[in-house]
Amino acid sequence: MPLIKEKELSKGASWFSSECSRDRAHHTEDNQWNSRHLALFANDWIGKKPDHQDWGMAEVTSIDFSCGRLIIGEHSKSYSGFGEIIFPQYYEASYATVALKARAEELRYEFEVLSKRWQRDSRHISLISKKVAHPAYLRIIGMGEAAIPLLLEALRDKPDHWFAALRAIANTDPCPIDANPSEAREAWLSWGKSHGYID
Amino acid sequence: MAKEDVELEFPALVGKDYDLSDEDFNNNCLGFALGDVNNWWEPPKGSGQYWPPGFPDDITVATVETIIRVHGFTVEITEDTQPETDAIAIYAIGKDWTHFAKFSSGAWTSKLGAGHDVSRVSLDDLKVDIYGTVVKILCRPKQ
């Protein structure tokens, strides 16, 4: 997991400081804001605990999207220092990715229900053009970009014809023209990794 | 997917001694019938689909019959005739094909969507709503 050290603070820190200041006031009452604030490369931390011990980190337990900004705050009573740390070179991409993955998690249950319904109802259909006309498949496309991580996970875990949905949502097609389904699957998974949709 | 799942959609297979292969999403019934198990034959070409060059990008029986004939299946027989050589049966709803079965080594075999292929079945076993009915059977000529 990439962490950034204080000496690497740069212009991104000024924004982050202002956000922290606002939150610091918010947290002053319970005297918990004596910790470091972190912005980590989003692909690595969402839903996970930082395990980097050098910083004496506490768990990242909350992500606040309410202000429309990425804030990762944690309160570590075991750590007496204070700082604002950001990963400026990744900030823009990180925020977009984090927001997208958070939205994907909101949709995960519905996606799984719809994908199972689609697979059950269309598994014997011989034409992809008919398979993808199923209402559940269309609903998944309607989820938009947030469905991309879920589609790629589904494609990774059990090969199926998710290519039309990915193509419709992502508005691109990384598959070579001569790719067969297995090769198309590899192309999409590679694309998903390079674009940060899946690990 | 076990036989029980297949039989939910193909109830005529219940109680029959047929075989079920492993699932393979790389090919569909047309590729399977033509002996190409590495490609999903469906127009248009691209995005994991294969369609032979020089043929219209449509799913009409007329177009696919031309493709099948190019592969050597040139003799038409009726459904009540047992093929004496390899054969391909075309299922259709209206003018569009929906499915294929192939006759080889004395038995009908068919790839079901992106899943299993079933072997030692009859053409009637596969006449379900999503496939419609058999509209044409083409055989290789006798040697």
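These numbers were taken from a predicted model, which means no experiment stands behind them.

**Section: helix α7 (residues 163-170) of chain A**
- Every buried residue of α7(A) is listed here: Phe163(A), Ala165(A), Leu166(A) and Arg167(A).
- The secondary structure elements touched by the buried residues of α7(A) are α5 (135-142), α6 (147-157) and α8 (181-194) of chain A.

**Quick look at the pairing of strand β8 (residues 117-121) of chain B**
All names here are of chain B.
- Inspection of the sheet shows strand β1 (residues 19-20) paired to β8 by 2 bridges, in the antiparallel sense. The partner of Asp 19 across the bridge, within β8, is Ser 119.
- Pairing of strand β7 (residues 107-111) with β8, which is carried by 4 bridges, proceeds in the antiparallel orientation. Paired with Thr 109 across the bridge in β8 is Ser 119.
- Joining the antiparallel neighbours β7 and β8 is a turn of 5 residues, in which Gly 113 adopts a positive phi near 55°.

**Regarding the confidence of the model for chain A**
All names here are of chain A.
- Of all residues in chain A, 52% attain a pLDDT of 70 or more, and the chain-wide mean is 68.
- The lowest-confidence element of chain A is strand β4 (residues 83-84), averaging 35 in pLDDT; the highest-confidence one is α5, averaging 98.
- Low confidence marks residues 1-91, where pLDDT is under 50. Its contacts with residues over four positions away, or in another chain, come to 112 contacts.

**Some words on the interface of chain B and chain A**
- Counting residues at the interface gives 24 residues for chain B, matched by 20 residues for chain A.
- Looking at the side of chain B that touches chain A, the elements with two or more residues in it are β3 (49-50) and β6 (96-104) of chain B.

**Some points on the confidence of the model for chain B**
- Averaged over chain B, the pLDDT score is 94; the fraction of residues at 70 or greater is 99%.
- We note a pTM of 0.74 for the whole complex and an ipTM of 0.94 for its interfaces.

**Considering unusual backbone geometry**
- Of note, the bond from Pro43(B) into Pro44(B) is cis; its omega dihedral lies within 30 degrees of zero at -5°.
- Residue position: Pro44(B) is located in the loop between β2 (40-41) and β3.
- In the Ramachandran plot, Asn171(A) falls in the positive-phi region, its phi being about 55° despite a non-glycine side chain.
- For Asn171(A), a count of 8 C-beta atoms within 10 Å translates into the label exposed.
- With a phi close to 65°, Arg120(B) is a non-glycine residue in the positive phi region.
- Looking at where Arg120(B) falls in the secondary structure, it is placed in strand β8.
- According to the C-beta neighbour criterion, Arg120(B) is partly exposed, with 14 such atoms within 10 Å.

**Digging into the environment of Ser110(B)**
All names here are of chain B.
- As for its placement among the helices and strands, Ser 110 is situated in strand β7.
- Spatially, the C-alpha atoms of Ser 110 and Pro 52 are 21 Å apart, while their sequence positions differ by 58 residues.
- Sequence-distant contacts of Ser 110, defined by excluding residues within four places in its chain, comprise Cys 29, Ala 101, Asp 117, Val 118, Val 121 and Leu 126.

About the cut-offs
- Residues numbered from 1 in each chain as written.
- Chains lettered and ligands numbered in written order.
- Predicted model: local features only at pLDDT ≥ 70, side-chain atom pairs only at ≥ 80, totals over all residues.
- Buried ≥ 20, exposed ≤ 12 C-beta atoms within 10 Å, placed from the backbone.
- Helix = DSSP H or I, 4+ residues; strand = E, 2+ residues; numbered from the N terminus.
- Contact = placed C-beta atoms within 7 Å.
- Pairing = 2+ DSSP bridges.
- pLDDT = per-residue confidence, 0-100.

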